[in-house]
Amino acid sequence: MVAHNELEPLEPSEAVELYLNNRETDGAAAGTVRAHRHRLNHFLDWCDEQELDNLNDITGRNLRSFKVWRSKRSPTGSIARSTLKNTMDTVRKLMRFCESIEGVPRDTHMAVTSPTLSEDDTNHDVVPYETQEKILERLNRFQFASFEHVFAHLLHECGFRVGAVRSLDVEDFHPKPVDLPDGTRVGPHVE
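Here we summarise the structure given alongside this text. Treat the numbers as computed from the prediction; the structure is a model and nothing was measured.

The rules behind each value
- Residues numbered from 1 in each chain as written.
- Predicted model: local features only at pLDDT ≥ 70, side-chain atom pairs only at ≥ 80, totals over all residues.
- Heavy atoms only, no water.
- Patch = residues over 30% accessible without salt bridge, like charges linked within 9 Å, V, L, I, M, F, W, Y side chains within 5 Å.
- Areas by Shrake-Rupley, 256 points an atom, 1.4 Å probe, with all protein chains shown as cover.
- Salt bridge = Lys/Arg side-chain N within 4 Å of Asp/Glu carboxyl O.
- Lys, Arg positive; Asp, Glu negative; His and termini not counted.
- Charge placed at Lys NZ, Arg CZ, Asp CG, Glu CD.
- Helix = DSSP H or I, 4+ residues; strand = E, 2+ residues; numbered from the N terminus.
- Expected span 1.5 Å × (residues − 1).
- Contact = heavy atoms within 4.5 Å.
- Core = buried A, V, L, I, M, F, W, Y, C linked by side-chain atoms within 4.5 Å.
- Buried < 20%, exposed > 50% of the residue type's maximum accessible area, 1.4 Å probe, protein only.
- Axes fitted to C-alpha atoms, helices over the stretch in contact; angles between N-to-C directions.
- Parallel < 35°, antiparallel > 145°, perpendicular 65-115°, else oblique.
- Phe/Tyr/Trp six-rings, centres within 6.5 Å; stacked < 30°, edge-to-face > 60°.
- Polar contact = N/O pair within 3.5 Å; in protein donor to acceptor, adjacent residues only side chain to side chain.
- Left-handed = near helix turned anticlockwise from the far one by under 90°.
- Nonpolar A, V, L, I, M, F, W, Y, C, P; charged D, E, K, R; others polar.

1. Some details on a negative patch on the surface
For step 1, the next point in the chain: There is a patch of like negative charges on the surface, built from E11, E14, E51, D53 and D57.
For step 2, the next point in the chain: As for its position among the elements, E14 is in helix α1 (residues 12-25).

2. Describing helix α3 (residues 60-71)
For step 1, the next point in the chain: Here α3 contains 12 residues, and its C-alpha end-to-end distance of 17 Å stays within 8% of the 16 Å for a straight helix at 1.5 Å per residue.
For step 2, the next point in the chain: If you follow the buried residues of α3, they end up packed against α2 (30-50) and α4 (81-100).

3. A closer look at the nonpolar core
For step 1, the next point in the chain: One finds F43, L55, I58, L94 and M95 to be the most contacted residues of the largest nonpolar core, which totals 28 residues.
For step 2, the next point in the chain: Within the residue set of this core, elements represented by two or more residues are α1, α2, α3 and α4.
For step 3, the next point in the chain: Looking at this core, the element that brings in the most residues is α4, giving 7 residues.
For step 4, the next point in the chain: Ignoring anything within four residues of it in the chain, the contact list for L94 reads A15, V16, Y19, L40 and F43.

4. Digging into the packing of α2 against α4
Packed helix pairs are characterised by how far apart their axes lie and by the angle those axes make with each other.
For step 1, the next point in the chain: Their axes nearest at 9 Å, the elements α2 and α4 cross at an angle of 85°. Here α4 runs roughly perpendicular to α2, going by the angle between their axes. Residues H36, R39, L40 and F43 of α2 lie in contact with α4, whose contacting residues are N86, T87, T90, V91, K93, L94 and M95.

5. What to know about the pattern of salt bridges
For step 1, the next point in the chain: Summed over the entire model, instances satisfying the criterion amount to 6 salt bridges.
For step 2, the next point in the chain: The salt bridge involving D89 is made with K85; its shortest N-O contact spans 3.2 Å. Of this pair, D89 and K85 both sit in helix α4, 4 residues apart, which is roughly one turn of that helix.
For step 3, the next point in the chain: With a relative accessible area of 24%, K85 lands in the partly exposed category.
For step 4, the next point in the chain: For R92, the salt bridge is made with D89, and the minimal N-O distance between the two is 3.1 Å. Linking R92 with D89, this pair stays in helix α4, spanning 3 residues, or about one helical turn.
For step 5, the next point in the chain: Taken together, the shared-partner salt bridges connect K85, D89 and R92 into one network.

6. A short note on the packing of aromatic side chains
For step 1, the next point in the chain: Evaluated as defined, the whole model comprises 6 aromatic pairs.
For step 2, the next point in the chain: When the ring of F43 is compared with that of W46, the centres are 5.9 Å apart and the planes differ by 25°; the resulting orientation is stacked. With F43 and W46 both in helix α2 and 3 residues apart, the pair spans about one turn of that helix. Of the two residues, F43 and W46, neither departs from the other in class, the shared state being buried.
For step 3, the next point in the chain: Of the aromatic side chains, those joined through ring pairs into one cluster are F43, W46, F66 and W69.

7. What to know about the side chain of D89
For step 1, the next point in the chain: By relative accessible area, D89 is classed as buried at 18%.
For step 2, the next point in the chain: Within the local environment of D89, its side chain forms a polar contact with the side chain of S114, the two groups lying 2.5 Å apart.

8. Topic: the packing of α2 against α3
For step 1, the next point in the chain: Relative to each other, α2 and α3 sit at 115°, their axes nearing to 10 Å. Compared by their axis directions, α2 and α3 come out roughly perpendicular. The chirality of how α2 crosses α3 is right-handed. Taken together, the residues of α3 that come into contact with α2 (itself represented by H42, F43, D45, W46 and E49) are N62, L63, S65, F66, W69 and R70.
For step 2, the next point in the chain: Residue composition of the contact of α2 with α3, by class: 5 nonpolar, 3 polar and 3 charged.

Structure follows, in structure tokens:
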């Protein structure tokens, strides 16, 4: 285990930037990096409130405190369990990364706990096909090629989840046809 006096001082904001840059270098999708940045901004806000300016000093107790703090940061007073789980899972990855660069004590990531989701915590709502068709007809007529039209079209045609469509970047769209190894040709497509 790395002793506290062997750690290199690490400001929370520096840790987050190093972590996100590392994720990008390792090939994480731009949408993933954006989602992690958004979640970790809450962690940075908490660090500011706690006046925690060196992650060398973070403890399991601090991480539990952050979890409680984050669970109550919403206009309604609490966030969805899935949102809390995603945030805590991202903080755990940040702590694991910080361990690898001697920024926090070894095994700090093990102190990060995430809620376990039940079937009730997930959303399985599906818009009926007929309703999707009506939405697309209206958008095709009154808002052709708008963001809403493209968004609804991708949901309808590809069966993507809402989060998957939100995470798409311009680079994910390929306007030119591509020949696949099996000889089939794919026209303009989203990858």
